[in-house]
Structure formats: C-alpha cells, structure tokens
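An overview of the molecular structure
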Amino acid sequence: MKKVITYGTFDLLHKGHINLLKRAKDLGDYLIVAISTDQFNALKNKEAYHDYESRKLIVEAIRYVDKVIPEKDWEQKLADVSKYNVDIFVMGDDWEGEFDFLKESCEVVYLPRTSGISTSKIKSELFKNESL
Ligand code: C2G
C-alpha cells in the first residue's frame, strides 16, 4: 500500500485544497493529512477562522483523506514519514524545494497550486463586500 502525506492549515476549505488532496491521493492508496494546530498556526503567523477541531472534522469528511494528524511544529515531518511508513510527501509548489531534505526518506512531490483561489483572497473579498 503506497502511503502519501501532506501538511497544511486547510482553513475555509476551497477547490485549491480539494485539487491538492485529490492529486495527492491519486499518487498512492492512502492519504494522511497533517493539519496545523492553532498553536502552530500562530508560529506560521496564520490565524485560521476555523479552530483545529473544526478543520480536522471538515478535512476528515473529504473522500480522498484516510487519516488526519496534528501538525504541531516544523520539525515533525521526518519523524512522521518513518512513523507512518510514508512513501510520498506532497505539497503545493509554493513550497517548492523547502522540504527536499525529506528526499532521503521518501519521494517528494510539489504539485502546481490551483490559481485564482486562496483563503486570504476569500477573506479579503468578503471583507471588501462587507464594507460596501
Ligand atoms: N494549495 C493549492 N492551491 C491553492 C491554495 C493552496 O494547491 N490555491 C495547497 C498549498 O500549496 C498546500 C495546501 O493546499 O499544499 C494547503 O494550503 P494551506 O492550508 O495554505 O497550507 P500552508 O499554510 O501552506 O501550510 O508545513 C507545511 C505547512 O503547514 C503548509
């Protein structure tokens, strides 16, 4: 069984997230998604609308996702790859090159981002409409 892992905040779920998760799952048979905890998001200077438990509930409901684990820090990826016997690590290509150190333990795949959509775009457009 080929196991795939990916990491992210997955806040205000949109087609960019779904496209990523679908393509990641298509690379193997079992997809693990490590969702950033609220504490780790603070380290990433990211404030999610949905808290961790909500984002976990939402992502677990996606047909491509087999398991959700918490992403608590930048250092856990190598341990996760061995703990879960991961074959392929996947991220959107805005992270191109950032995780090449994992190549000693698994395949590393950066997938093209879905253009025209992002959580920050959603937030700013909602904010703009509200102020109209
Ligand atoms: N993504 C995408 N297309 C978009 C938006 C996001 O392909 N239009 C991808 C990102 O490249 C990432 C995943 O969807 O692979 C999740 O995106 P975020 O929730 O924004 O994750 P991020 O904040 O980049 O956290 O340790 C890694 C970090 O936790 C990644």
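Given the structure is predicted, the values throughout are model-derived calculations rather than measurements.

The subject of this paragraph is helix 1 (residues 15-26). Its 12 residues place the ends of helix 1 16 Å apart at the C-alpha level, agreeing with the 16 Å of an ideal helix rising 1.5 Å per residue. Every buried residue belonging to helix 1 is among G16, H17, L20, L21, A24 and K25, and all of these are buried. The arc that holds every buried residue of helix 1, seen down its axis, measures 160°, which confines them to one face. In this structure, helix 1 carries K15 and D26 as exposed residues pointing more than 90 degrees from its buried face. In the core, the buried residues of helix 1 are packed alongside strand 1 (3-8), strand 2 (30-36), strand 4 (88-92), strand 5 (107-111) and helix 5 (119-131).

The share of residues in the chain with pLDDT of 70 or more is 100%, and the mean pLDDT across the chain is 97. Confidence, expressed as mean pLDDT per element, reaches its minimum in the chain at helix 5 with 91 and its maximum at strand 2 with 99.

Take the side chain of R55 next. Position of R55 relative to the elements: it lies in helix 3 (residues 52-60). Assessed through its relative accessible area of 1%, R55 is described here as buried. Engagement of the side chain of R55 in a polar contact is seen with the backbone oxygen of S36, the distance being 2.8 Å.

Residues L21, L31, V33, I35, V59, V65 and V90 are the most contacted members of the largest nonpolar core, which totals 17 residues. L31 has contacts with V4, I5, T6, L21, A24, K25, Y64, V65, D66 and K67, leaving out every residue within four places of it along the chain. Counting 15 residues, the second-largest nonpolar core is a separate cluster that includes A34, I69, V86 and L102.

Right, let's get into the site of the ligand. What surrounds the ligand is a group of 21 residues, the closest being K46, E71, D94, T114 and I117. K77 places a polar side-chain atom, nitrogen or oxygen, 2.8 Å from an oxygen atom of the ligand. Taking 630 Å² as the accessible area of the ligand by itself, protein coverage stands at 95%. Elements that contribute at least two residues to the shell around the ligand include exactly strand 1, helix 1 and strand 4. Take the shell around the ligand: its biggest share by element is three residues, from helix 1. Here the residues of the shell around the ligand are counted per class, giving seven nonpolar, eight polar and six charged.

Calculation notes
Residues numbered from 1 in each chain as written. Predicted model: local features only at pLDDT ≥ 70, side-chain atom pairs only at ≥ 80, totals over all residues. Heavy atoms only, no water. Helix = DSSP H or I, 4+ residues; strand = E, 2+ residues; numbered from the N terminus. Expected span 1.5 Å × (residues − 1). Buried < 20%, exposed > 50% of the residue type's maximum accessible area, 1.4 Å probe, protein only. Arc of directions from axis to C-beta. Contact = heavy atoms within 4.5 Å. pLDDT = per-residue confidence, 0-100. Polar contact = N/O pair within 3.5 Å; in protein donor to acceptor, adjacent residues only side chain to side chain. Core = buried A, V, L, I, M, F, W, Y, C linked by side-chain atoms within 4.5 Å. Near = heavy atom within 4 Å. Areas by Shrake-Rupley, 256 points an atom, 1.4 Å probe, with all protein chains shown as cover. Nonpolar A, V, L, I, M, F, W, Y, C, P; charged D, E, K, R; others polar.

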